[in-house]
Each structure stands twice: as structure tokens, then as C-alpha cells.
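Descriptive structure summary
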Amino acid sequence: MEQAEEPAPVTRSGTPGSGAFPSVGPEGRAPGGLGPLQVPSAVDHVADRLLTAIALGEFSVGERLPTERELAEILAVGRPTVRAAIARLRDIGCLEVVRGRSGGHYVRSGWQRESGPAVRRTLLPHWERTKKLLDARCLLESLIARTAAERRDDEDSARITRALEEYTEAADSGDGARIRTSDAMLHRAVARAAKNEPLAVYGHQLLQEISAGFPIEPYGGNLTERALTEHRALVRAVLEGDQEEAGRVAAHHFTITEQTLSAVLERSTDA
């Protein structure tokens, strides 16, 4: 039997991690301007995370979300919380249910009226820390690429080459889910060539903390072509053993994530 969940941590803005009390209307306001705290529920928090992930392109229009069980494990909440959050997204037209063998919850719309506030609540309270994590990730991925260029063997080279071929085919197909899967496969192959598993684990953890809790690279669309060009340059440098070039390309390549987050956050403030 599932344990009752604790609500999301109470913070001054009413959203996790922010720094000012929520504004309240004159009704019920206590002397001195204090009023009732608006405490977000775990369902609020998960719904915001899902809306933000969709806005970032981590789940594209037409793509099926992970199952309730998978989302609960990723976000470290109970399945009833995920179920209630998904119901909210269905109600606003962001998700639709497909029945049958390949059924599930599919993304119907990438940006809703509710997306802007959800993005702000999810990203803004932690933005300064997120920028530091993004910088740390560029440094880490640069180190991984340099080390892969130094330590790769023939098996690694073959694996990296196959992964690049798969990404190229995925980019040509325009299938967002396939693009993200092949992108992850390529970077795993490079990390494996570095012969240091903790480096790959740290990179995965950084991505999950950066991108609304989902270990998915938040980009697609017109950035896919840029990523393909940089993937080719990265693979060439690693296979040729050019450590300096591999590190340089990787450091630049992973700025895509920051640019995507910044663009979505800017859109949310203009909404």
C-alpha cells in the first residue's frame, strides 16, 4: 500500500526553492501585511515539471510520455501524484489518451497558456544555481571528451561511429524521440571510451538536475542540425586522438542546453 506523500517543501514564494513570500489579496490579510501561505502540493509541483519538460522539448508533440510508474520513479513521487498531475495536463489539452497496444498519454500541444507560469515556477527559483550546474556540465563533458580521445580503443571507435550514424539517420527522420535517444547513445559511447564510469554518472546526474528532473537533453527542432555538425566534429576529434579539439568541441556543444533553457525562460516571461 502506498504511503501518503509529504507536500512539496514550503518556501517563501510558494514554489520550491524561491525566495519571497507569495502575494495575497486584501481578503484575510493579517495586520502587518501577512496573509495565509499558499502551499503548493506535490501534484502542483509535478504538473509544473511536466509542463516545463514539454515546453523545453524534452517530450515533443506526438510523443508518448513515460508510464506512470516510470514518471513516479524519475520524479521520486507516488503514482497517485503522477496520475493527478497528468489529469491536469489532460484537462488543459496538453495531453491526450490513446487506447490500445501502443496506448498511453501523448503530448498534444507543446505550449499552453499555463506553460509560462509553470516554467517560471520551475526554473526561476533555482536559475543562478542552474547556471553554475550548466557550467559544471560543460567542464565535465569537455574532460570526458578529452579523456575519450586519449583512451579510446578500436571497439570504442566502432561504437562511436555507429552511434553517429544512428544520430544522422534520426536527424534526417525528424523524429524527436529517436533524435534524443540516439543523441544519448552517442554521448554514452564517448563517455564509455573515457574508461571512467563515475564521470558518466556525474554527467547524467547533472543533466537530470538541470532539465526539470528528467535525464533528457532539452533541445530539438532547429538545434538538431547544429548538434549534428558538432557531433561530427566531436567524433572526428575523438577518433583522431585530438584531445584539445575534442575538449573544445564538447565544451561548446553542451552550451545548447543553456541556450534552450534561457530561450524558454525568456518566452515564459513574455507570455
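Nothing here was measured: the structure is a model prediction, and the numbers come from that model. (Residues numbered from 1 in each chain as written. Predicted model: local features only at pLDDT ≥ 70, side-chain atom pairs only at ≥ 80, totals over all residues. Heavy atoms only, no water.)

**Focus: the confidence of the model for the protein chain**
Under the convention used in this document: Each residue gets a pLDDT score, which is the predictor's confidence in that residue and runs from 0 to 100. The contact rule is simple, with two residues in contact once any of their heavy atoms fall within 4.5 Å.
Here the protein chain averages 85 in pLDDT, while 84% of its residues score no lower than 70. Residue range residues 1-37 is modelled with pLDDT below 50. Its contacts to residues more than four positions away, or to other chains, number 51 contacts.

**Topic: the environment of Glu225**
Let me state the cut-off plainly: Note on conventions: DSSP H or I runs of at least 4 residues are helices, E runs of at least 2 residues are strands, and numbering of each starts at the N terminus. Relative accessibility under 20% of the residue-type maximum defines a buried residue, over 50% an exposed one, and the middle range a partly exposed one, all with a 1.4 Å probe and only protein chains included.
Of note, Glu225 is situated in helix α9 (residues 223-240). Overall, Glu225 belongs to the exposed group, its relative accessible area being 52%.

**Examining the nonpolar core**
Selection criterion: We call a set of buried residues a nonpolar core when its members are Ala, Val, Leu, Ile, Met, Phe, Trp, Tyr or Cys and they connect through side-chain atoms within 4.5 Å of each other.
Counting 36 residues, the largest nonpolar core has Val119, Ile144, Ile160, Leu234 and Leu261 as the members making the most contacts within it. Among the elements of the structure, α4 (115-123), α5 (127-151), α6 (154-173), α7 (176-193), α8 (197-210), α9, α10 (243-253) and α11 (255-270) are those that each provide at least two residues to this core. A per-element tally of this core places α5 first, with eight residues. Residues Val46, Ile54, Ala85 and Ala118 belong to the second largest nonpolar core, which totals 23 residues.

**Quick notes on the packing of α9 against α11**
Definition in use: Axis definition: a line fitted to C-alpha atoms, over the contacting stretch in the case of helices. Angles run 0 to 180 degrees between N-to-C directions. Every angle not falling under 35 degrees, over 145, or within 65 to 115 is termed oblique; those three ranges are roughly parallel, roughly antiparallel and roughly perpendicular. The hand of a helix crossing depends on one turn: near helix anticlockwise from the far one by less than a right angle means left-handed, and clockwise means right-handed. Gly is placed with the polar residues, together with every amino acid not listed as nonpolar (Ala, Val, Leu, Ile, Met, Phe, Trp, Tyr, Cys and Pro) or charged (Asp, Glu, Lys and Arg).
Remark: α9 packs on α11, axes separated minimally by 11 Å, with the N-to-C direction vectors making an angle of 170°. Regarding the angle of α9 to α11, the classification is roughly antiparallel. Two packed elements cross with a definite hand, and for α9 against α11 that hand is right-handed. From α9, Leu223, Arg226, Ala227 and Glu230 reach across to α11, where they touch Thr255, Ile256, Gln259 and Thr260. When the residues that make up the contact of α9 with α11 are grouped by side-chain class, the tally is three nonpolar, three polar and two charged.

**Quick notes on the pattern of salt bridges**
Convention followed: Salt bridge, as applied in this entry: a Lys or Arg side-chain nitrogen positioned within 4 Å of an Asp or Glu carboxyl oxygen.
Tallying each qualifying case throughout the model produces 18 salt bridges. Between Asp48 and Arg121 there is a salt bridge, with the nearest N and O atoms lying 2.7 Å from each other. Placement of the pair is Asp48 in helix α1 (residues 42-55) and Arg121 in helix α4, with a sequence separation of 73 residues. With a relative accessible area of 12%, Asp48 lands in the buried category. By relative accessible area, which is 35% here, Arg121 ends up partly exposed. For Arg248, the salt bridge is made with Glu245, and the minimal N-O distance between the two is 2.9 Å. With Arg248 and Glu245 both in helix α10 and three residues apart, the pair spans about one turn of that helix.

**Examining α9**
Our working rule: A helix is expected to reach a length of 1.5 Å times the quantity of its residues less one.
Taking 1.5 Å per residue, 18 residues should reach 26 Å; α9 reaches 26 Å between its end C-alpha atoms and fits that length. Residues of α9 that are buried in the fold lie against α5, α6, α7, α10 and α11. Two residues or fewer past α9, Gly241 is found with a positive phi of approximately 75°.

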